[in-house]
Amino acid sequence: PGMTVVAPNYDMLPGGKGANQAAAAAKALSFTSSKTETRTETIEGRTVTHTFTATTYEKGAFGVEVTFIGCVGQDALKDCALRGLKKAGVCLKHVQKLPPETARTACAAILVDAQGENQIVVGGGANLHNSAKYLEDWLTEGADRGKGLLCVLQMEVPFEENLRAIKLVKGWQTDERRDGFKNLILLNVAPACEVPPPVLLETDLLMLNEHEALAVGGKHPEAVGEWSEVECAAQATAVSEALAQTYGCVVVVTLGRRGCICYIPHQRIGFTADGQGNDGMTRLLVPALSLLNGAVDTVGAGDAFVGAFAASVAQGMNAVDSLMNAVVAGSLTCMGRGAQEPQPTRTEIEKVESYTHSLRGTSSC
């Protein structure tokens, strides 16, 4: 306390957990292609060759649309907050622009050290005015919602609005897809907090990192602070498995450079995988990419993981493929600065197929 820390520079980049996850999901549904053109001209008697490479994006593949529902202020930060979403192809029709006297666009101060680790302080601003009513407006506007909904929620908006959103999605009538997909709730408990049991019972996919898992499990922060890294991971995975057993939801706990573990209590939502134990629980361990050892910035890894995972589930992928896509997306995002710009497209994720194929048949634990 009271210490001033001097940093060499700073960047202003788009972010926010929900926005990062929406951008990551949209990119995980997009293919990129590059076309190179060569032009030759004569300048002062010399032949000069120019090479141009143009990258194009095919948005909204697989019949899945990503819509972002949230709030920004009418201020200078608004454009920064939305530009990454626009570039990724996220639908922003239901983003509310609040007047200056109501709230400013949310902003976070993120401190990143030489090893790429980070510490974040968030000013909630307009996020604290988000409402499930905007979700209801989207549901009732007349667009086709008959193929099932996957609603991704975080804890940077008022908790009571998340509760209302869960009830809306669970009560919305849609036609069941052939693969058994129905209206799903993916809850990412970030920032970390305790979650009431009735909410966990309505959650289909629970996404946590180690600290979030311990918070949901009721572990006191002071006790957690005294644990070693190994003990913290062991406690977090034990809590996550207990949550899956107790509440019947799929629980994924991310472990940083160690990858992730997924607990599937039964074959729900068509989310299948080999390796079910005698207790009816399927446990999947997916390691992170080795390139994570050269991480530049880990600030957006978890959000990229959640977004790519959500996109994969929405397409009807099985558990192993969904987790692999998520791990690749989270790992690759660490190789650039900022939370959204380094996020990979589907094309870039598929370039790591040699990694994913090497894991097949060895993912149960």
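Within each chain, residue numbers correspond to sequence positions counted from 1 in written order. At least 70 in pLDDT is required for a residue's local features to be given in this predicted model, at least 80 for side-chain atom pairs to be given and counted, and no such filter applies to totals for whole chains, interfaces and linings, which use all residues. Values shown for side chains rest on all heavy atoms present in the structure; no hydrogens or waters enter the calculation.

*Asks:* Please explain the nonpolar core as it appears in this structure.
*Replies:* In globular proteins that are soluble, nonpolar side chains generally tend to be buried together. In this description, a nonpolar core means a group of buried Ala, Val, Leu, Ile, Met, Phe, Trp, Tyr and Cys residues linked to one another through side-chain atoms lying within 4.5 Å. Throughout, exposure labels follow a simple rule: accessible area from a 1.4 Å probe, protein chains only, divided by the maximum for the residue type, with under 20% read as buried, over 50% as exposed, and the rest as partly exposed. Leu187, Val189, Val195, Leu206, Leu208 and Leu243 are the most contacted members of the largest nonpolar core, which has 35 residues in total. Of all the elements, helix α8 (residues 229-247) adds the most residues to this core, at five residues. Aside from chain neighbours lying at most four places away, what touches Val189 is Met155, Val195, Leu206, Met207, Leu208, Glu212 and Val216. In this structure, Ala19, Leu82, Ala308 and Ala329 belong to the second largest nonpolar core, which totals 27 residues. A run of DSSP states H or I qualifies as a helix once it reaches four residues; a run of E qualifies as a strand once it reaches two. Both are numbered from the N-terminal end. Contact definition: two residues touch when any of their heavy atoms are within 4.5 Å.

*Asks:* Looking at this structure, I do not really get the pattern of salt bridges. What am I missing?
*Replies:* Charged atoms that come close allow side chains of opposite charge to pair. Counted as salt bridges are all cases of a side-chain nitrogen of Lys or Arg within 4 Å of a carboxyl oxygen of Asp or Glu. Across all of its chains, the model carries eleven salt bridges by this definition. Between Lys17 and Asp303 there is a salt bridge, with its nearest N and O atoms 2.8 Å apart. Here Lys17 is found in helix α1 (residues 17-28), whereas its partner Asp303 is found in helix α9 (residues 301-314), with 286 residues between them in sequence. Asp303 shares its class with Lys17; the two are buried. Between Glu229 and Arg258 there is a salt bridge, and its shortest N-O distance comes to 2.8 Å. Taken as a pair, Glu229 in helix α8 and Arg258 in the loop between β10 (250-254) and β11 (260-264) lie far apart in primary sequence, 29 residues in all. By relative accessible area, Glu229 is classed as exposed at 55%.

*Asks:* Even after reading the chapter, I still don't get the sheet that holds strand β7 (residues 150-153), so can you show me in this structure?
*Replies:* Sheet strands associate in pairs through backbone hydrogen bonding, adopting either a parallel or an antiparallel arrangement. Strand pairing is assigned whenever DSSP identifies at least 2 bridges connecting the two strands. As summarised here, the arrangement of the six strands in space is β7-β8-β9-β10-β11-β12, forming an open sheet in which the pairing is mixed. Every other strand in the sheet has two partners, leaving β7 and β12 (282-286) as the edge strands with one partner each. Averaged over all pairs of adjacent strands, the angle between their axes in this sheet comes to 15°, without regard to strand direction. Against the sheet, α9 makes contact with β7, β8 (184-188), β9 (205-209), β10 and β11, and its axis sits at roughly 170° relative to β8, the strand it touches most. Each axis is a line fitted through C-alpha atoms, taken for helices only over the stretch in contact, and angles between the N-to-C directions span 0 to 180 degrees.

*Asks:* Please clarify how the environment of Val95 should be interpreted in this entry.
*Replies:* Locating Val95 in the fold gives a position in strand β4 (residues 95-98). Given the relative accessible area of 7%, Val95 is considered buried. Placed 26 residues apart in sequence, Val95 and Ile69 show a C-alpha to C-alpha distance of 5.3 Å. Residues within four places of Val95 in sequence aside, it is in contact with Phe68, Gly70, Val72 and Leu82.

*Asks:* In this structure, what is going on with the packing of aromatic side chains? I would like to understand it.
*Replies:* Aromatic ring pairs: the centre-centre distance and the angle between the two ring planes describe each pair. We call Phe, Tyr and Trp rings a pair once their centres come within 6.5 Å, taking the six-membered ring for Trp, and we label the pair stacked below 30 degrees between planes, edge-to-face above 60, and tilted otherwise. Scanning the entire structure with this criterion turns up one aromatic pair. With 6.5 Å between their ring centres and 10° between their planes, Phe305 and Phe309 make a pair best called stacked. Taken together, the residues span about one helical turn, with Phe305 and Phe309 both in helix α9 at a distance of four residues. Taken as a pair, Phe305 and Phe309 share a single burial class, namely buried.

*Asks:* Explanation requested: the pairing of strand β6 (residues 118-123) in the structure shown.
*Replies:* Both faces of the sheet carry side chains from a regular strand, because those side chains alternate between them. Bridge analysis of strand β5 (residues 107-112) against β6 gives six bridges, and the strand direction is antiparallel. Residue pairing across strands places Cys107 opposite Gly123, the latter belonging to β6. If you look at the hairpin formed by β5 and β6, you'll find five residues sitting between the two strands, and Gly116 has a positive phi there, around 90°.

*Asks:* Would you mind showing me how to read unusual backbone geometry here?
*Replies:* Among all residues except glycine, the phi angle is most often negative; among peptide bonds, the trans geometry is most common. A cis amide bond links Ala190 to the next residue, Pro191, at an omega of -5°. Among the secondary structure elements, Pro191 is positioned in the loop between β8 and α5 (197-202).

*Asks:* Explain the side chain of Thr298 to me, please; I cannot follow it from the model alone.
*Replies:* By secondary structure assignment, the location of Thr298 is in the loop between β12 and α9. The class of Thr298 is buried, set by a relative accessible area of 18%. Beyond its immediate sequence surroundings of up to four residues, Thr298 is in contact with Gly116, Glu117, Asn118 and Cys334.

*Asks:* Just checking my understanding: could you explain the packing of helix α3 (residues 132-140) against helix α4 (residues 159-171) for this structure?
*Replies:* Geometry of a packed helix pair, given as the angle between the helix axes and the separation of the axes. Their axes nearest at 8 Å, the elements α3 and α4 cross at an angle of 20°. Viewed along their axes, α3 and α4 adopt a mutual orientation that is roughly parallel. Across from Ala132, Lys133, Leu135, Glu136 and Leu139 in α3, the residues of α4 making contact are Glu161, Arg164, Ala165, Leu168 and Val169. Per-class residue counts for the contact of α3 with α4 are six nonpolar, no polar and four charged. By definition in this entry, angles of less than 35 degrees are roughly parallel, angles greater than 145 are roughly antiparallel, angles of 65 to 115 are roughly perpendicular, and the rest are oblique. Only Asp, Glu, Lys and Arg are considered charged in this grouping, and only Ala, Val, Leu, Ile, Met, Phe, Trp, Tyr, Cys and Pro are considered nonpolar; every other residue, Gly among them, is considered polar.

*Asks:* For this particular structure, what's the right way to read the side chain of Asn188?
*Replies:* If you trace the backbone, Asn188 turns up in strand β8. Reaching out from Asn188, the side chain makes a polar contact with the side chain of Gln21 at a distance of 2.9 Å. Among all residues touching Asn188, those that are not within four sequence positions of it are Lys17, Gln21, Leu153, Gln154, Met155, Met207, Glu212, Asp303 and Val306. Throughout this description, a polar contact denotes any pair of N or O atoms lying within 3.5 Å of each other; where both atoms belong to protein, one of them has to be capable of donating a hydrogen while the other can accept it, and for residues adjacent in sequence the pair is counted only when both atoms sit in side chains.

*Asks:* How do you make sense of the environment of Gly124 when you look at a structure like this?
*Replies:* Its location among the elements puts Gly124 in the loop between β6 and α3. Distance from Gly124 to Cys107, taken between C-alpha atoms, is 6.9 Å for residues 17 residues apart in sequence.

*Asks:* What's the story with α8 in this structure? I'm lost.
*Replies:* Owing to its 3.6 residues per turn, the α-helix aligns residues three or four sequence positions apart on the same side. By definition here, a helix of n residues has an expected span of 1.5 Å times n minus one. In this model, α8 (19 residues) spans 27 Å end to end at C-alpha, consistent with the 27 Å of a helix rising 1.5 Å per residue. Among all positions in α8, only Cys232, Ala233, Ala236, Thr237, Val239, Ser240, Leu243 and Ala244 are buried. The arc that holds every buried residue of α8, seen down its axis, measures 165°, which confines them to one face. Relative to its buried face, α8 has exposed residues pointing more than 90 degrees away, namely Val230 and Thr246. Just beyond α8, the residue with positive phi is Gly248, at close to 70°. Our arc is simply the arc of the directions from the helix axis toward the C-beta atoms.

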